[in-house]
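So the chains spell out like this:
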Amino acid sequence: LTDDVLSAGRGTQISGNFYPQVDSVQGSVALWWTPEFAYDEYSGAGDHYVWYVNSNYFLAYEYDNDQYNLTVGTQSITASSNIVAGTTYNIVCRWDCNNTLDGTNYASISINDSHTFGATSQPTASAPDATVYLGTNGTTGAASGIIEGLTIYRRVLRDDDRQRVGGPAGRPAPGAGP
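Residues numbered from 1 in each chain as written. Predicted model: local features only at pLDDT ≥ 70, side-chain atom pairs only at ≥ 80, totals over all residues. Heavy atoms only, no water.

Regarding the overall build of the protein chain
Phase 1 of the analysis: A tally of regular secondary structure across the protein chain gives one helix and eleven strands.
Phase 2 of the analysis: Order of helices (α) and strands (β) in the protein chain, N terminus to C terminus: β-β-β-β-β-β-β-β-β-β-β-α.
Phase 3 of the analysis: Counting across all 178 residues of the protein chain, residues that qualify as buried make up 43%.
Phase 4 of the analysis: Within the protein chain, residue pairs in contact and separated by at least 24 positions form 60% of the contacts whose partners lie at least 6 positions apart.
Phase 5 of the analysis: If you sum the accessible surface of the protein chain, you get close to 8,200 Å²; carbon and sulfur atoms cover 44% of it. (Helix = DSSP H or I, 4+ residues; strand = E, 2+ residues; numbered from the N terminus. Buried < 20%, exposed > 50% of the residue type's maximum accessible area, 1.4 Å probe, protein only. Contact = heavy atoms within 4.5 Å. Areas by Shrake-Rupley, 256 points an atom, 1.4 Å probe, with all protein chains shown as cover.)

Shown next, in the form of structure tokens:
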């Protein structure tokens, strides 16, 4: 079974670690993910990457640990979740390598409007790889699911922004109507 993936070149450096496809210093990614496998159906399968910029910037679901892993500039946060195959999840990742989001943490991951903050140490920004990926890390670890509505922001979404881009207080899940 071959999964579909999307890749794009990072583009020409604009300034520092800021490239046309991603700003590793600050940003947000919002999307809907519908996994093909439940948390207990794929045990031992390792990480399945939803998006991947480089080994220091990615979102993966770890089937072997039943959790999401958001890694931003050498800092990782996890959010435990027993996912259900065929269920759509709204995911919003936010990070800022220079300023904390809540006075303590530099990153957060929100799953269906349940928020996990982490990265109490300041992340170290790094340039994206020459190719960035959606649905894989480029060699292994396909997302094994449907990714919809991917939006990359070059700024940190505020709490009220996050509600507008999805989750119970936001728009309906894909396929759920207008």
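Looking at the packing of aromatic side chains
Phase 1 of the analysis: Under the definition given, this model contains nine aromatic pairs.
Phase 2 of the analysis: For the ring pair W33 and Y61, a centre distance of 6.0 Å and an interplane angle of 40° mean the geometry is tilted. One end of the pair, W33, is in strand 2 (residues 26–35); the other, Y61, is in strand 4 (residues 57–62), and 28 residues separate them in sequence. The two residues W33 and Y61 agree in class, both being buried.
Phase 3 of the analysis: Residues Y61 and Y68 carry aromatic rings whose centres are separated by 5.1 Å and whose planes lie at 75° to one another, so their mutual orientation is edge-to-face.
Phase 4 of the analysis: Note on Y68: relative accessible area 0%, which makes it buried.
Phase 5 of the analysis: Put simply, the rings of W33, Y61, Y63 and Y68 touch in pairs and so form one group of aromatic residues. (Phe/Tyr/Trp six-rings, centres within 6.5 Å; stacked < 30°, edge-to-face > 60°.)

A word on the sheet that holds strand 8 (residues 107–111)
Phase 1 of the analysis: Strand order across the open sheet formed by five strands is 9-8-7-2-11, with antiparallel pairing between neighbours. Whereas interior strands pair on both sides, the edge strands pair on one side only; in this sheet they are strand 9 (114–118) and strand 11 (145–153). Taken pair by pair, the neighbouring strands of this sheet meet at an average axis angle of 15°, ignoring direction.
Phase 2 of the analysis: Direction of pairing for strand 2 relative to strand 7 (residues 89–96): antiparallel, over a ladder of eight bridges. If you follow Q26 over to strand 7, its bridge partner there is D96. (Pairing = 2+ DSSP bridges. Axes fitted to C-alpha atoms, helices over the stretch in contact; angles between N-to-C directions.)

Let's talk about the environment of C97
Phase 1 of the analysis: Residue position: C97 is located in the loop between strand 7 and strand 8.
Phase 2 of the analysis: Taking C-alpha positions, C97 is 7.6 Å from G73, a pair spaced 24 residues apart along the chain.

Looking at the sheet that holds strand 5 (residues 67–72)
Phase 1 of the analysis: As summarised here, the arrangement of the six strands in space is 1-10-3-4-5-6, forming an open sheet in which the pairing is antiparallel. In this open sheet, the two edge strands, each paired with only one partner strand, are strand 1 (6–9) and strand 6 (75–80). Each adjacent strand pair in this sheet contributes to an overall mean axis angle of 15°, direction not counted.
Phase 2 of the analysis: Direction of pairing for strand 3 (residues 47–54) relative to strand 4: antiparallel, over a ladder of six bridges. Paired with Y52 across the strands is F58, a residue of strand 4.

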